[in-house]
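What the coordinates show
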Amino acid sequence: LFRADLVARKGATTTVVAYKRWKVAQAGVIPMKELHEAARVLGASGRAYIAGGEVSATARQYAEQHGVDIIEGPALAKMLAWSLVRLTPKSKSL
């Protein structure tokens, strides 16, 4: 069984992305394994896990060993802020 919430393609690069909801107290190794398996099955070279909460030490170790990028904290906030700026229509003065 594998799980990915998003498959992003840019040119020849494919990245699978997973996100666990913020209510999860601490993300363990299982979502990392599912994401890694999804990348293998889909032939993706990139793996990104978006953490809305804490990530266990075991999950971090697995992610590091298997090329899963964990996006969290300030990096996640910056990414979301950048997205909001890009999505917000520019106001026009009268």
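Data block above holds the structure.
Throughout what follows, the structure given in this document is the object of discussion. (Residues numbered from 1 in each chain as written. Predicted model: local features only at pLDDT ≥ 70, side-chain atom pairs only at ≥ 80, totals over all residues. Heavy atoms only, no water.)

1. Here we look at the side chain of Arg-47
Spelled out, the test is: Where helices and strands are cited, they refer to DSSP runs of H or I of at least four residues and of E of at least two residues respectively, numbered from the N terminus. Each residue's exposure class comes from its accessible area (1.4 Å probe, protein chains only) as a fraction of the maximum for that residue type: buried when under 20%, exposed when over 50%, partly exposed otherwise. As used throughout, the charge tally considers Lys and Arg to be positive and Asp and Glu to be negative, leaving His and the chain termini uncounted. Note on definitions: salt bridges are taken to be side-chain nitrogens of Lys or Arg within 4 Å of carboxyl oxygens of Asp or Glu. Counting of polar contacts relies on pairs of N or O atoms within 3.5 Å, with two restrictions inside protein: one atom must be capable of donating a hydrogen and the other of accepting it, and residues adjacent in sequence are counted only when both atoms are side-chain atoms. Note on definitions: a residue-residue contact is assigned when non-hydrogen atoms from the two residues lie within 4.5 Å.
Here Arg-47 is to be found in strand β4 (residues 46-51). Despite its burial, Arg-47 remains without a salt bridge, the nearest opposite charge being carried by Asp-69 at 8.1 Å. Within polar-contact distance, the side chain of Arg-47 engages the backbone oxygen of Ser-45 at 3.4 Å. Here Arg-47 is in contact with Thr-15, Val-16, Leu-35, His-36, Ala-39, His-66, Gly-67, Val-68 and Asp-69, once residues within four sequence places are set aside.

2. Observations concerning the environment of Ala-57
For Ala-57, the location among the structural elements is in helix α2 (residues 57-65). The spacing of Ala-57 and Gln-26 is 31 residues in sequence and 9.9 Å in space, taken between C-alpha atoms.

3. As for a nonpolar patch on the surface
This is how the line gets drawn: Surface patches are defined over residues having more than 30% relative accessible area and no salt bridge, joining like charges when they lie within 9 Å and nonpolar side chains (Val, Leu, Ile, Met, Phe, Trp, Tyr) when within 5 Å. All accessible-area figures derive from a Shrake-Rupley calculation using a 1.4 Å probe, and residue coverage is judged against the displayed protein chains alone.
Together, Val-7, Val-41 and Leu-42 make up a nonpolar patch on the protein surface, roughly 200 Å² of accessible area in all. Residue position: Val-7 is located in strand β1 (residues 6-10).

4. A closer look at α2
As a reminder of what qualifies: By construction, the arc corresponds to the directions joining the helix axis to the C-beta atoms.
Listed in full, the buried residues belonging to α2 are Ala-59, Tyr-62 and Ala-63. Down the axis, α2 shows its buried residues gathered within 100° of arc, on one side only. Residues of α2 that are exposed and angled more than 90 degrees away from the buried face: Ala-57, Glu-64 and Gln-65. Next to the buried residues of α2 lie β3 (26-27), α1 (29-42), β5 (54-55) and β6 (69-71). Downstream of α2 by a residue or two, Gly-67 has a phi angle that is positive, lying close to 70°.

5. Describing the packing of α1 against α2
For clarity, the threshold we go by: What counts as an axis is a line fitted to C-alpha atoms, over the stretch in contact for a helix, and the angles between N-to-C directions run from 0 to 180 degrees. In this scheme, roughly parallel covers angles under 35 degrees and roughly antiparallel covers those over 145, while 65 to 115 is roughly perpendicular and the rest are oblique. Crossing handedness is read from the near helix: turned anticlockwise from the far helix by less than a right angle, it gives a left-handed crossing, and turned clockwise, a right-handed one.
Here α1 crosses α2 at 20°, and the two axes come no closer than 8 Å. When the interaxial angle is binned, α1 and α2 end up roughly parallel. When the axes of α1 and α2 are compared, the crossing they make is right-handed. Along its contact with α1, which presents Val-29, Met-32, Lys-33 and His-36, the element α2 presents Thr-58, Ala-59, Tyr-62 and Ala-63.

6. Comments concerning α1
Selection criterion: By this rule the span expected of a helix is its residue count minus one, scaled by 1.5 Å.
Taking 1.5 Å per residue, 14 residues should reach 20 Å; α1 reaches 20 Å between its end C-alpha atoms and fits that length. Of all the positions in α1, only Pro-31, Met-32, Glu-34, Leu-35, His-36, Ala-38 and Ala-39 are classed as buried. At the exit of α1 stands Gly-43, carrying a positive phi of roughly 70°.

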